[in-house]
Amino acid sequence: MRGAPRIVVTGTHSGAGKTTIATGLMAAFAGRGESVAPFKVGPDFIDPSYHALATGRPGRNLDAFLSGERLIGPLFKHGSEDADIAVIEGVMGLFDGRSGAGDFASTAHVAKLLDAPTLLVVDAGAMARSAAAMVHGYASFDPEVRLAGVILNRVGSDTHERMLREAIEPLGIPVVGVMRRGKEISTPDRHLGLVPVAERRREAAGMVERLGEVVARSCDLEAIARLARSAGKLAGEPWSPGIAAEHRAHEPVRVAVAVGPAFSFLYEENIELLRASGAEVAFFDPTTDEALPEGADALYLGGGFPEAHAEALAANESMKREARSFAGSGRPVIAECGGLLYLCRDLDGTPMCGVIGASARMANRLTLGYREATAAADSPIMRAGNTMRGHEFHYSMVEPESGGEEAAWELEGRGREGFVAGDSGNVHASYLHTHWAAAPEVPSRLVEAAVKYRESGGRESGVGASSTRSSSILSLPRPTNPRRTRPEASAVGASPPGFSRLPTPEASGSRLPASGSELIGVGVGPGDPEMLTLKGLRALEEAAVVFVPVGDAGEVGRAEAVVRAHVDEGKVRRLVFALSADEAAVVRNHREAARIVAEALRSGADCAFATIGDPNVYSTFTYLARRVRGEVPEVEIRTVPGITAMQDLASRSGTALVEGAERLVLLPFVGEAGLLRDALSSGETVVCYKGGGRVPEVARIAKEAGRLEGAVYGARLGSGGEKVGPLEEVDGRLPYLSTVIFNGKGREFDG
């Protein structure tokens, strides 16, 4: 069996543009009606989510460390079955592999195992003839790697392109694509890379479509397809989860698998192995679903970004209660990385499930790398002494509190990690991400543990009865919207879990309110009623209810004053968001506000929320929207930006924020002093906002940095008592909604 035509897209280094080009090629070939099989070298979960969106097929990983060399070919054949072409995105630079192991687990290693030609993406933005030297070096470094073509990225002009082509032509390696500099395509990222598709599906779909169009007109698709067809023959049979799963339960059990925006990190083969082991997979979203899937026998919480959705997870008390009760019942629970954080008592002080006696917090240091692990204790998936390979990738830390749990793993050279918890050791929680293709006994053992629990008589009538089994769980009222459910696994088909064809409420037969209501965050300027934009005014006029934030019931807030100057007072409703050092009181305010807004939305009313400036800068609306979506998941949410205090102060003081290529830095007063020092030393223009009580401290740091002269401040802009003037004249605290602009490069601050 030859295997599908295939091409590996690699880069000279991380950031060269290989993800953009690989995803664009997938979308471009798919746009021509071809069936494209997408792959990613290495353990990454996020890039495959974009690949799946581009192709309509599950994004899969090829990792020689996690699955072993012998499975690379079979896994490729399995994932590319019936495909017209396979596009394989590399990892880091072409020859970057496992630290200390040569090219092992690198893109070059996988390309050789697949006998696949490679396309080298070169960031040519700051090069001309030197690009040829780089291509020559990559082509000759390892003769076993066939560098079949070059794609030049960030090319500035026709002249620049001609210089690059003339330099590379003598090498005999064709240039099959030229990507120009531009901002046609942008993808948001954060601390672990791109934002996963599950968190921005609509925007991501539009971005991938544009990406395919750009790549289609910038690359020679026919030439690339010819190179893909030149790939060598692959020996052996495709990998099969049915063959790999040696033990199958006699009676199917149901495994609840977390998906959604907070839990989108799942390897497709893991899900396939669960099914092959006799499990019915039922997906659920812990940010919105009120209960675990009915009749669940085991729980699988994969990785993701619970830190980015901590408020929604914390607000879903019903789901947290179910997870605690499920774990307390003795049924098997498996959690990886993000799932571990969710099972902790809290995450950065935000309450989580409390299954594990530990607190989690975000850190400034990245923990990253492959791991050789030995099971430190018996658990639903491991026996003490069993070995496993895995991967860590996180910016968080978990600090045990109770000391009652055993460790899950002994990591080679790193000590103990993770937890085996529960009265019967039924909870296995760890930072380690594992790919089960090389260890099919893991899903088999999980299913067997679920069968054993059921046969022991411990199972009552499914998860719905779990709250009656644990009297220590506080009984909390459910939200008023009916429980959302997910369809059975068979309804999902081959779609990647948490991705392109996730079950929708309509498909699952849920009974959500059909109001179709909309919640709009409207920026109303820094406080001046005349600075309300026409778009904002139209949104306020069209809304049935306009909510305004106030600090207490006796004051008229600045946003409220603007709203009342333009809309009928009969549709204005006030929400209390008192500033307080009492965090519990702040949380209560937000929850009560969300309840009130959700109630209005359920009645079918379109609602607006007015806030100063940009709704996502003064972030009260952001917090409110997250909580409202937790109660009314189907609500449409959008924002209308207003004139910001920064813009207003720049205009009133005659300050040019950016005249050319200066760096503009925005940060709140409430941030750490070190952040301000760094900003003042590196940014030509620095704007501080949100927390004017610290202005005297800000002025002191600015003076030390040589940036005080010329800085301007604005307080109560657009309202009574407005003040605009030099920062050096401030001699006391300013109101919370104050702004300071530092303009002009000062001397370097040495800390």
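Given the structure is predicted, the values throughout are model-derived calculations rather than measurements.

Points about the sheet that holds strand 3 (residues 60-62)
The sheet built from 7 strands is open, its strands ordered 3-2-4-1-5-6-7 with parallel pairing. Two strands lie at the open edges of the sheet, namely strand 3 and strand 7 (175-180), each paired on one side alone. On average, adjacent strands in this sheet sit at an angle of 25° to one another, irrespective of strand direction.

Let's talk about unusual backbone geometry
Unlike most non-glycine residues, Asp82 shows phi in positive territory, near 70°. Structurally, Asp82 is set in the loop between helix 3 (72-79) and strand 4 (85-93).

Section: the packing of aromatic side chains
Centre-to-centre distance and the angle between the planes together describe a pair of aromatic rings. Inspection of every chain in the model, using the stated rule, returns 10 aromatic pairs. Note on Phe95 and Phe141: the rings are 4.7 Å apart at their centroids and 55° apart in plane angle, and the pair reads as tilted. In this pair, Phe95 sits in the loop between strand 4 and helix 4 (107-113) while Phe141 sits in helix 5 (residues 130-141), placing the two residues 46 residues apart along the sequence. According to the relative accessible area criterion, Phe95 is buried, its value standing at 17%. Among the aromatic residues, ring-to-ring pairing joins Phe45, Phe265, Tyr267 and Phe305 into one connected group.

Here we look at the confidence of the model for the protein
Of the residues in the protein, 85% reach a pLDDT of 70 or more, and the chain-wide mean stands at 83. Taken element by element, the predicted model of the protein shows its lowest mean pLDDT in helix 15 (residues 505-508) (32) and its highest in strand 12 (residues 298-301) (98). Scored below 50 in pLDDT, residues 459-515 shows 112 contacts in the model against residues more than four places distant or in partner chains. In this model residues 745-751 is a low-confidence stretch, pLDDT under 50, and it forms 13 contacts with partners more than four residues away in sequence or in other chains.

A short note on the packing of helix 1 (residues 18-31) against helix 8 (residues 221-229)
The interhelical angle for the contact between helix 1 and helix 8, taken along N-to-C directions, is 100°, at an axis separation of 12 Å. Considering their axes alone, helix 1 and helix 8 lie roughly perpendicular with respect to each other. On the side of helix 1, the interface is formed by Leu25, Ala28 and Phe29, while helix 8 contributes Leu221, Ile224 and Ala225. Residues that form the contact of helix 1 with helix 8 fall into these classes: 6 nonpolar, no polar and no charged.

Points about the environment of Ala384
Topologically, Ala384 is positioned in the loop between strand 16 (358-375) and strand 17 (387-400). Setting aside residues no more than four positions away along its own chain, Ala384 makes contact with Ala375, Ala376, Ala377 and Asp378.

With respect to the pattern of salt bridges
As enumerated under the stated definition, the model contains 31 salt bridges in all. Measuring nitrogen to oxygen at the nearest pair gives 2.5 Å for the salt bridge that ties Arg180 to Asp158. Of this pair, Arg180 sits in strand 7 while Asp158 sits in helix 6 (residues 158-168), and the two are 22 residues apart along the sequence. One salt bridge connects Arg694 with Glu697, and the closest N-O pair in it is separated by 3.0 Å. Glu697 sits in the partly exposed class, given a relative accessible area of 27%. Through salt bridges with shared partners, a single ionic network connects Asp158, Glu161, Arg165 and Arg180.

Calculation rules
- Residues numbered from 1 in each chain as written.
- Predicted model: local features only at pLDDT ≥ 70, side-chain atom pairs only at ≥ 80, totals over all residues.
- Heavy atoms only, no water.
- Pairing = 2+ DSSP bridges.
- Helix = DSSP H or I, 4+ residues; strand = E, 2+ residues; numbered from the N terminus.
- Axes fitted to C-alpha atoms, helices over the stretch in contact; angles between N-to-C directions.
- Phe/Tyr/Trp six-rings, centres within 6.5 Å; stacked < 30°, edge-to-face > 60°.
- Buried < 20%, exposed > 50% of the residue type's maximum accessible area, 1.4 Å probe, protein only.
- pLDDT = per-residue confidence, 0-100.
- Contact = heavy atoms within 4.5 Å.
- Parallel < 35°, antiparallel > 145°, perpendicular 65-115°, else oblique.
- Nonpolar A, V, L, I, M, F, W, Y, C, P; charged D, E, K, R; others polar.
- Salt bridge = Lys/Arg side-chain N within 4 Å of Asp/Glu carboxyl O.

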